[in-house]
Amino acid sequence: MKDFIRECIWFIATLLLVSIHLSLLQTLLLFSPIIHLVVLASLVLCIVGRPYRALEVGVLGGYVLDLFSGFPFGIFLISICISIGVMLMLQIYVFKNKALHAVALNTTIATAVFHLSWITGVFLMNQLSAADYSIPYQHVLTLAGIQILVHVVVAALIVTLIDWINAHGAKSV
Amino acid sequence: MWGDRGHHQRITWWHVPAVCMLFVLGHYTRVLQPVENLLTRVIQPAQAMMYAATHDEVLVSDQQAVYEELTKQELLDEYGRLEQRLQQLLIDNTRLRTALEESQLLQEQVAFLQENHYRFVNTRITSVSTENISPTVIVNVGAQAGVSLGLPVVIADGVLVGIVTDVQEYASEVRLITNLDSRVSAVVQNSTQSPGIVRGEHNLSLVMDFIPQLDQIALHDSVFTNGADTHIPQGLLIGQVQEIRAEPGSLFQQAALKPFFQQNEITIVSILLP
């Protein structure tokens, strides 16, 4: 029963996160381009060692984003999942420790992969079908760069916080 | 493989694309349609709330930011542009309203004509004839569409507006029933179906002559065609009794009628074919 309630809370929290991303952040010019809440939440969950939750948030978040986006269904879902997949693969095969530089690099690559997948998806859709989804590539790439920076900063803060908690906990013990 | 704190689930890398593909397939095969509907219903109220909370404020602040950066001359130019745009929108709006009204009238007209199994041709009034002082109008169909002299011209629910008096290949002249020279056989819709002749008066209204003196007619009685004229079927609306003029000792009484149309309001008419 506890597990069920916990799952429900995660589910609602994810929906709330997507709602905030879609409504609140999209209208506030200051935040909209520089942060992608769903991607960031998934990456942060990967960093703190909750890959199952990361996948849950990523899949549900991407799914809802696709429902409300004007792009072909699956673009966000696949992009976010690829991003999570890359993050997890890097964590297990390349950056095995949680050093600050490792996490920063990992987050950079994962966020970049998300944007690259998304742009490639739209580009492929335009090429393979009669669709014409125009996206301002230069603008999107600039925003992707800013987003990477912000995501890295957030990831770094979290790692620092974890380190501090661990150190503080060890001292107190 | 990664362990997830608080969960027994263990996921491997291939779970990610697998789950992802399952969802995409579920969407395109519509298996997940009920779930999507539910998600949409759940999320939309929250989104609407957040959007409403920020949108107005953002719009205003964006607009203010834009205007604050403009010089006086730029503001004047912007004002001029907006004024022009407003004019254009007003013109467009008027055109659309006219088109809508015409469409509604035409629908009504066609419904009436089809209901009564009349053969007809719809046409548009292109101008008012300049040759006569009395009201005649020109329509843009002629002999090529089967129009011939004496055919009745109607609008809306079978309101007689005129008679074809001149036919060319691609245009015809219609003499309105309010014309001084117009004559139409008619009956009053009363208990005795009083007959008479309707003619135009002052090119604006109608008068019904030769109504038998002893017949009882009342104000607001409707007057219809009686079918006695060639090509003009029975039952077309002409007007409504507005005033009764009965002189003692006279054989007939007279009624002033109010026509069911105004010349400047008719744009699309139907000509009833034989």
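Preceding this section is the structure that the text describes.
This structure is a prediction, so every number in the text was calculated from the model and none was measured.

J.: Is there a simple way to think about the overall build of chain B in this case?
T.: A count of helices and strands for chain B gives three helices and 14 strands. Counting the 274 residues in chain B, one finds 36% classified as buried. For chain B, the share of sequence-separated contacts (at least 6 apart) that also reach a separation of at least 24 residues comes to 53%. Of the accessible surface of chain B, which amounts to about 16,800 Å², a share of 57% is contributed by carbon and sulfur atoms.

J.: Help me understand the nonpolar core in this model?
T.: If you look at soluble globular proteins, the nonpolar side chains tend to sit buried side by side. Core analysis: the largest hydrophobic core is formed by 45 residues, its most contacted members being Ile155(B), Val198(B), Met208(B), Val223(B), Ile238(B), Leu257(B) and Ile271(B). With five residues, the single largest contributor to this core is strand 6 (residues 159-167) of chain B. Those residues in contact with Ile271(B), other than ones at most four positions away along the chain, are Arg119(B), Phe120(B), Val121(B), Thr123(B), Val139(B), Val141(B), Val147(B), Leu151(B), Pro152(B), Val153(B) and Val164(B). Ile75(A), Ile119(A), Val16(B) and Leu32(B) belong to the second largest nonpolar core, which has 42 residues in total.

J.: What should I look at first to understand the pairing of strand 4 (residues 136-139) of chain B in this one?
T.: A regular strand places its side chains so that they alternate between the two faces of the sheet. All names here are of chain B. Direction of pairing for strand 3 (residues 119-128) relative to strand 4: antiparallel, over a ladder of three bridges. Note on strand 4: the bridge partner recorded for Ile-125 is Val-139. Here four bridges tie strand 4 to strand 7 (residues 172-176), and the two strands are oriented antiparallel to one another. Across the sheet, the residue bridging to Val-137 is Val-174, located in strand 7.

J.: Help me out: how do you make sense of the environment of Cys20(B) in this one?
T.: Inspection of the secondary structure assignment puts Cys20(B) in helix 1 (residues 15-28). Sequence-distant contacts of Cys20(B), that is, excluding residues within four places in its chain, are made with Leu77(A), Ile78(A) and Cys81(A).

J.: Please explain the pattern of salt bridges as it appears in this structure.
T.: A pair can form between side chains of opposite charge whenever their charged atoms are brought close. Evaluation of the coordinates by the stated rule reveals eight salt bridges over all chains. Among the ionic pairs, Arg245(B) bridges to Glu243(B), the shortest N-O distance being 3.6 Å. Looking at Arg245(B), the relative accessible area reads 27%, which means it is partly exposed. Residue Glu243(B) is classed as partly exposed on the basis of its relative accessible area of 40%. Among the charged side chains, a salt-bridge network with shared partners connects Glu7(A), Arg53(A) and Glu56(A).

About the cut-offs
- Residues numbered from 1 in each chain as written.
- Chains lettered and ligands numbered in written order.
- Predicted model: local features only at pLDDT ≥ 70, side-chain atom pairs only at ≥ 80, totals over all residues.
- Heavy atoms only, no water.
- Helix = DSSP H or I, 4+ residues; strand = E, 2+ residues; numbered from the N terminus.
- Buried < 20%, exposed > 50% of the residue type's maximum accessible area, 1.4 Å probe, protein only.
- Contact = heavy atoms within 4.5 Å.
- Areas by Shrake-Rupley, 256 points an atom, 1.4 Å probe, with all protein chains shown as cover.
- Core = buried A, V, L, I, M, F, W, Y, C linked by side-chain atoms within 4.5 Å.
- Pairing = 2+ DSSP bridges.
- Salt bridge = Lys/Arg side-chain N within 4 Å of Asp/Glu carboxyl O.

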